[in-house]
Amino acid sequence: MKCQQCEKPATFHITELTEPTGPVMVHLCEEHARVYLSQESADSPTNALAGILAKQLKLEQTAEQLAKLDKKTCPVCGITFAEFRQEGRLGCGYDYVCFEEDLTPLLLNIHGAKTHRGKRPRRASGSPARQHRIIQMRREMQDAISNEDYERAGELRDQIRDLENGQDETVDPGSARSSVGSSEASDSSAGIQEEKNGGEIEG
Amino acid sequence: MKLEELASKCGEWLRGSGPEPDIVISSRIRLARNLAEFPFVRRANADERSQISKKVRGKIESIKEWDHLLYLELQNMDEIDRQFLVERQLMSREMADSEGDRGVAIDTEERFSVMVNEEDHLRIQVMCSGLDLNTAWETINTIDDLLESRLNYAFHDNLGYLTACPTNVGTGMRVSVMLHLPALVITREIEKVFRSLQKINVAVRGLYGEGSQYMGDFYQVSNQITLGRTEQDLVATVNEVVPRIIEYERKARNFLINESEQDLHDDVSRAYGILCTAKKISSEETLHYLSKVRMGVNLGLIRSIAIETINKLFVHTQPAHLQKLRGQQLSVADRNIERASYLQGHLGHGGQANSP
Ligand SMILES: [Zn+2]
Ligand SMILES: [Zn+2]
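Owing to the predicted nature of the structure, the values given are computational and were not obtained by experimental measurement. (Residues numbered from 1 in each chain as written. Chains lettered and ligands numbered in written order. Predicted model: local features only at pLDDT ≥ 70, side-chain atom pairs only at ≥ 80, totals over all residues. Heavy atoms only, no water.)

J.: Would you explain the coordination of the zinc ion (ligand 2) in this entry?
T.: For a metal with four tetrahedral donors the ideal donor-metal-donor angle is 109.5 degrees, while six octahedral donors give ideal angles of 90 or 180 degrees. All names here are of chain A. Protein ligation of the zinc ion (ligand 2) involves Cys74 (SG), Cys77 (SG), Cys92 (SG) and Asp95 (OD), the donor distances falling in the range 1.9 to 2.3 Å. Given four donor atoms and angles of 94 to 119° at the metal, the environment of the zinc ion (ligand 2) is assigned as tetrahedral. Read N to C, the donor residues that coordinate the zinc ion (ligand 2) are spaced as C-x2-C-x14-C-x2-D. In this pair, Cys74 sits in the loop between helix 3 (63-71) and helix 4 (81-87) while Cys92 sits in the loop between helix 4 and helix 5 (95-98), placing the two residues 18 residues apart along the sequence. (Donors = N, O, S within 2.8 Å, 3.2 Å for Na, K, Ca; no water. Tetrahedral: all angles 85-135°; square planar, octahedral: opposite > 155°, others 65-115°. Helix = DSSP H or I, 4+ residues; strand = E, 2+ residues; numbered from the N terminus.)

Listed below in structure tokens is the structure:
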């Protein structure tokens, strides 16, 4: 028997037992089997994810809505929904907030649940707003450096250091001297949900 | 501690010392964690990746309880060494094949490892011999606490631990048990067994399926979902399913012994004979015959070899291990010769390698 992906003899015969349509056999040479197994270890059921996502979007959106959704962009890491759709991976923690309405049905589909019931960190690790602000400022700093605006880069470096040292009560993303025009509160028990209003933070 | 030393040793989880060692090879749990103050790995630029890597390494090395840990920067390692760590199951293949700043911290007893900059910033992994998920959970929970007290994890009040892939969000936990099910394969019962388990939230995958000339008869059972259940629930789900599969496999083994002991004994002995006498042998062929011999040892048809030796051979006969043990690079053809001689050294003369 030949490998399904090339002319070499198939020496690996992998059975997918969890396909909804029943067991499916895949016949591959050693090289392609390695690729196949590394793409799709039980650890990361990504193929299934892409399928679920595609189906769900088709059911719920018109082509026009879909095109619009694809352009939606995370203000912190810059990922677009289209990129997430293609790669199956999110860009940062804030994506769970800015793509929330599109992710919730997906999470329900995958997990049959949308609320975490497990372990929680023992200590509060600071406000998510502050954490996302740090990600943004680090990138602004890199931009400043590549624009040779070292004065600005220096300021940002100091601000990041302050934020990292946990002085988030005094420097919240809304009041920090920066290009960010958001007015969100810095900390609250509502977690990063809070930041939703700040979704306009830069482009 | 160097990789060469690790190569000749045998990881704790391979010893066959845990519960149900004849059928369950190992129990594993991994937790996916991310730092709140960085984008996820795929979206991080080179500078951010190196900061993540430096930060996590620093914290890991500051943990007093972990002074025996080996931290390896993968971007500086050659391909055989990376491949070696994959064969050893201390890290994923994705980790070996990707690029950029990344590392893995290894407990030298191989009870756990922490991958840094894999798909998530941290992938903590614990392995135990046999069916022992409760120990695995207790261990990984403690490790996670140690790291959490030093790092800011990305955590969302409603969604739990945030991960790059939404399939891992919540607990970020994957519980998996590796099973050796040769009798269910021979009796062609395996599909039926797994189909009967389909409604439970577990994923099953055959690593090397039936119908093939070369196969290892290994299957992995793991939880499918990560959100909406406690970690203890997820462990319990897998813990409930596995004993049922074990029972089916035991029944199938008894059936084979009662109905066709001579055929089985013949098959197992031939496999043993080939492994002991071949002059060159591929890794797939080795896997195929080792699987038969493993069952033969467990059924008392071969008495001269310890199960630990067989478990070890599954790992030590893989390409990077052979090259590490030999101390030089080998072509495929040379590996096949080296593999045959390695097998003879450890299986021949009544299994001289019985001692640990
Ligand atoms: Zn191929
Ligand atoms: Zn983002």
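J.: Mind showing me how you'd approach the domain arrangement of chain B here?
T.: It is common to give the size of an interface as the accessible area lost on bringing the parts into contact. All names here are of chain B. Here chain B is described as being made up of domain 1 (3-176 + 219-235) and domain 2 (260-353). One C-alpha centre belongs to domain 1, the other to domain 2, and the line joining them spans 30 Å. When domain 1 packs against domain 2, the two sides together hide about 1600 Å² of surface, and 59% of this comes from carbon and sulfur. Of all residues in domain 1, Leu14, Ile80 and Glu87 give up the largest surface area on contact with domain 2, accounting jointly for 39% of the area buried on that side. Run the count over domain 1 and domain 2 and you get two salt bridges. One salt bridge connects Lys324 with Asp81, and the closest N-O pair in it is separated by 2.5 Å. The interface formed by domain 1 and domain 2 contains 10 residue pairs in polar contact (both at pLDDT 80 or more). (Domains from an automatic or database assignment. Buried area = accessible area lost by both parts, 1.4 Å probe. Salt bridge = Lys/Arg side-chain N within 4 Å of Asp/Glu carboxyl O. Polar contact = N/O pair within 3.5 Å; in protein donor to acceptor, adjacent residues only side chain to side chain.)

J.: Help me understand the side chain of B:Asp22, please; the structure alone is not making it clear to me.
T.: Mapped onto the elements of the fold, B:Asp22 is located in the loop between helix 1 (3-8) and strand 1 (24-33). Residue contacts for B:Asp22: discarding those within four places in its chain leaves B:Arg250, B:Arg253, B:Arg294 and B:Asn298. (Contact = heavy atoms within 4.5 Å.)

J.: I keep staring at the pairing of strand 10 (residues 218-223) of chain B and nothing clicks. Help me out?
T.: A regular strand places its side chains so that they alternate between the two faces of the sheet. Residue and element names in this part refer to chain B. Along strand 10, six of the six residues are buried, which leaves the element largely enclosed by surrounding structure. When strand 8 (residues 173-180) meets strand 10, the two strands line up antiparallel, connected through five bridges. By the bridge assignment for strand 10, Val177 is matched with Val221. (Buried < 20%, exposed > 50% of the residue type's maximum accessible area, 1.4 Å probe, protein only. Pairing = 2+ DSSP bridges.)

J.: I keep staring at the nonpolar core and nothing clicks. Help me out?
T.: A general tendency of soluble globular proteins is for nonpolar side chains to be buried together. Counting residues in hydrophobic clusters, the biggest one holds 113 residues, and the most contacted among them are B:Ile60, B:Leu85, B:Leu147 and B:Leu179. Take this core: its biggest share by element is 15 residues, from helix 8 (residues 231-277) of chain B. Looking at this core, you find at least three residues from each of domain 1 (3-176 + 219-235) and domain 2 (260-353) of chain B. Those residues within four positions of B:Leu179 in sequence are excluded, and the remaining contacts are B:Ile23, B:Val24, B:Asp217, B:Phe218, B:Tyr219, B:Val221, B:Val242, B:Ile245 and B:Ile246. Counting residues in hydrophobic clusters, the runner-up holds 29 residues, among them A:Leu53, A:Cys74, A:Val76 and B:Leu227. (Core = buried A, V, L, I, M, F, W, Y, C linked by side-chain atoms within 4.5 Å.)

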